[in-house]
Amino acid sequence: MQIENAKLINSFFTKVRITDELCASSIFKYNDSINRFLSITGDKFIGNLENDDFDDFIIKMKANGASGSRISNVISAMKKFLNYINDKQIIKLKVDMDKIRKPKIQKKETNYLTEDEIKMLISTISNDLEDGEAIRKIRMMLLVIFLLQTGARIGEALSVKIASIDRINMEIPIIGKGSKPRNLFISEDILYWIDRYLAIRKSPSEYLFVTLNGKSAWKQTDVGRSFRYYKKKSGITKHFTLHTLRHTSATQLAIKGAPMNVIQKILGHSKLETTV
């Protein structure tokens, strides 16, 4: 059944690439989630999947120590995939989509960097730049400042194209999570680092963030590797990731008195509860 399943999966990803429903990093995550689900359920033919298979998947993932959030993300990816099959009527499904269950997710306290910690991170990159200018250093400074000031998701930042940067209105239109269009609002500080980066990088790529050789767009997996270097060097003891910079951006806006509905719009959240 693996060949039949592979054909359906390829058909789905061909469609989302054409329609730009998912960015490159999301496609990677969805592909990993769908294949993980099918692997754990014994590579059963997609048309034969039943609601019990989803329940068994939850039990097996919990037994392996997976969090409710991780399990829910996999199931969400499967539901989007199965909805595509249903809508296109490619094959008849046995599963009742409305009865697919997800584990309860415990709401975690939002992690963010304090103002002092932001300064520690920026200073770490800045000090490295003083030791010698390099593309990788300027690129990281631009990315960190971009994420902190715009509240963008890492995948959204990496999808930015140079031609889309509106220097007059100081914004960048993007297609965010769930194919929702919104604008990222930029500052003179961001433009300064964009110009400094573009002046030194040698690449014909339409994307703002590219690999060091300039041949392709910067991938999220490679970003994480570079970011961890500065994270460790900064001396910040709390656990934080690139996504923490998005939380930090929202927290800074809230501290400065921005209304929650404004922050919701900036972050691209469809529900206010997600922002709160």
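Okay, so let's go over this structure. Everything numeric in this text was worked out from a predicted model, so none of it was measured.

So, the overall build of the chain
- Scanning the chain from N- to C-terminus turns up twelve helices and two strands.
- Computed over its C-alpha atoms, the radius of gyration of the chain comes to 21 Å, within 12% of the 19 Å expected for a compact globule of 276 residues.
- Over its C-alpha atoms, taken along the principal directions, the chain stretches across nearly 60 × 40 × 35 Å.
- The buried share of the chain, reckoned over its 276 residues, is 43%.
- Contacts spanning at least 24 positions in sequence make up 61% of the contacts within the chain whose residues lie at least 6 apart.
- Computed over 45 positive and 30 negative side-chain charges, the separation of the two mean positions in the chain equals 2 Å.

Details of the side chain of Arg 201
- With respect to the helices, strands and loops of the structure, Arg 201 is situated in the loop between α8 (188–200) and α9 (220–234).
- A polar contact is formed between the side chain of Arg 201 and the backbone oxygen of Leu 208, at a distance of 2.8 Å.
- Sequence-distant contacts of Arg 201, defined by excluding residues within four places in its chain, comprise Ile 135, Ile 162, Tyr 207, Leu 208, Phe 209 and Val 210.

Details of the side chain of Lys 137
- Mapped onto the elements, Lys 137 comes out in helix α6 (residues 135–150).
- When neighbours within four sequence positions are excluded, Lys 137 is seen to be in contact with Ile 125, Asp 128, Leu 129, Asp 131, Gly 132 and Tyr 230.

What to know about the packing of aromatic side chains
- In the structure shown here, the tally under the stated rule is eleven aromatic pairs.
- Of the aromatic side chains, those joined through ring pairs into one cluster are Phe 12, Phe 13, Phe 81 and Tyr 84.
- In this arrangement the basic side chain of Arg 139 is found over the ring face of Trp 218, its NZ or CZ atom lying 3.6 Å from the centre.
- Across from the ring centre of Phe 240, 5.4 Å away, lies the NZ or CZ of Lys 231, which sits over that ring.

Criteria and cut-off values
- Residues numbered from 1 in each chain as written.
- Predicted model: local features only at pLDDT ≥ 70, side-chain atom pairs only at ≥ 80, totals over all residues.
- Heavy atoms only, no water.
- Helix = DSSP H or I, 4+ residues; strand = E, 2+ residues; numbered from the N terminus.
- Rg over C-alpha atoms; globule rule 2.2 N^0.38 Å.
- Buried < 20%, exposed > 50% of the residue type's maximum accessible area, 1.4 Å probe, protein only.
- Contact = heavy atoms within 4.5 Å.
- Lys, Arg positive; Asp, Glu negative; His and termini not counted.
- Charge placed at Lys NZ, Arg CZ, Asp CG, Glu CD.
- Polar contact = N/O pair within 3.5 Å; in protein donor to acceptor, adjacent residues only side chain to side chain.
- Phe/Tyr/Trp six-rings, centres within 6.5 Å; stacked < 30°, edge-to-face > 60°.
- Lys NZ or Arg CZ within 6 Å of the ring centre and 35° of its normal.

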